[in-house]
Amino acid sequence: MSELIGGRNEEGFFNHLAKVAEEIKKRDRIVVIHHYDADGLTSGAIAIKTLQREGKVITHLCLKQVYKENVEEIKKMGENFLFVDFGSGQLDYLIDDLGEDHLFILDHHQPSKINGIIPNLPWHVNPLMYGIDGGKEISGAGVTFFFSKAMNEKNKDLVNLALIGAVGDMQDFSGKLIGLNRKLIEIGKEEKIIETKIDLRLYGRISRPLLSFLMFSSSPILPDLTANKENCATFLRHAQIPLKDPFTDEWLAYEDLNPEKKQALASA
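This is a predicted model, so every value here is computed, not measured.

Visitor: Can you walk me through the environment of Phe14 in this structure?
Guide: Of note, Phe14 is situated in helix 1 (residues 10-24). Remark: the alpha-carbon pair of Phe14 and Gly87, spanning 73 residues in sequence, is separated by 19 Å. Beyond its immediate chain neighbours, meaning those up to four positions away, Phe14 contacts Phe146, Leu180 and Lys183.

Laid out in structure tokens, this is it:
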């Protein structure tokens, strides 16, 4: 679990991001270092696009994790170093090897402590340090997006990447996004980039045939259906849900169903 540090202070969080954005505007030869998972890739994409729009000279590096052995390679790539979706857990050697004035971190993971305390760095922003749960309420991509928005309001068009990062980091585990992730949804709707609707939240809505859609459901487990192909076929037949397209004979996925059939399946 993540340790929240201090009381909730959204204003302080956004103000800190604004200060980092203003400082980075003064810098050049920036290296963006990002994680290699969905949240890290979208964090990196937001940061790179944001800095490109500012006319910055940038390079980037995608890593599974930031190890001390990576630092020498990173140092050779530029003069200022922006870590997104990691960096908070590697403060000790990043500070020593890169220097705190050239080190920028936008992360949502638990910060590491040095001599029992979390270093107070000017360009390190983490929602946990403002009483905001980085495990549930905002991902690395979300933090990077709000930094991007602070740099230029026009960057609101990158909000879809932030939402992909949040969902890729499984922050919709409760069936919806909460906290600062809700602000992302509202921005996306205002910008007419996304739309929202109530629907089944099962993996494979587009990619899996209906039988597999039900049979391989693991979050949640569907009693008598998960791992039972015969029961799934019987269930769909009784609900009058077609398995194949009558014209092409191709297997149907959930997204191929019309609204009435989707409602029938959801009700069943």
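Visitor: Any chance you could explain the packing of aromatic side chains here in plain terms?
Guide: Each aromatic ring pair is specified by the distance between its two centres and by the angle formed by the two planes. For the coordinates displayed, the defined rule picks out seven aromatic pairs. Put simply, the rings of Phe13, Phe14, Tyr130, Phe145 and Phe146 pair up and form one aromatic cluster.

Visitor: Would you explain unusual backbone geometry in this entry?
Guide: What is expected of a backbone is that most residues other than glycine have negative phi and most peptide bonds are trans. With an omega of 10 degrees, the peptide bond running from Ser219 to Pro220 counts as cis. Summarising the element assignment, Pro220 is placed in the loop between helix 8 (210-215) and helix 9 (229-238). Even without glycine at this site, Met170 takes up a positive phi of about 60 degrees. Structurally, Met170 is set in the loop between helix 6 (159-168) and helix 7 (180-190).

Visitor: Even after reading the chapter, I still don't get the pattern of salt bridges, so can you show me in this structure?
Guide: A side chain of one charge can pair with a side chain of the opposite charge when the charged atoms of the two come close. Per the stated rule, a full pass over the model turns up 18 salt bridges. One salt bridge connects Lys183 with Glu10, and the closest N-O pair in it is separated by 4.0 Å. Separated by 173 residues along the polypeptide, Lys183 in helix 7 and Glu10 in helix 1 bring together distant segments of the chain. In this structure, Lys68 engages Asp97 in a salt bridge whose closest nitrogen and oxygen atoms are separated by 3.1 Å. Pair noted here: Lys68 is in the loop between strand 2 (58-63) and helix 3 (71-75) and Asp97 is in helix 4 (residues 91-98), with a separation of 29 residues, a long-range link. Of the residues examined, Lys68 reaches a relative accessible area of 44% and is grouped as partly exposed.

Analysis parameters
- Residues numbered from 1 in each chain as written.
- Predicted model: local features only at pLDDT ≥ 70, side-chain atom pairs only at ≥ 80, totals over all residues.
- Heavy atoms only, no water.
- Helix = DSSP H or I, 4+ residues; strand = E, 2+ residues; numbered from the N terminus.
- Contact = heavy atoms within 4.5 Å.
- Phe/Tyr/Trp six-rings, centres within 6.5 Å; stacked < 30°, edge-to-face > 60°.
- Salt bridge = Lys/Arg side-chain N within 4 Å of Asp/Glu carboxyl O.
- Buried < 20%, exposed > 50% of the residue type's maximum accessible area, 1.4 Å probe, protein only.

Any functional reading would require information beyond the geometric quantities listed.
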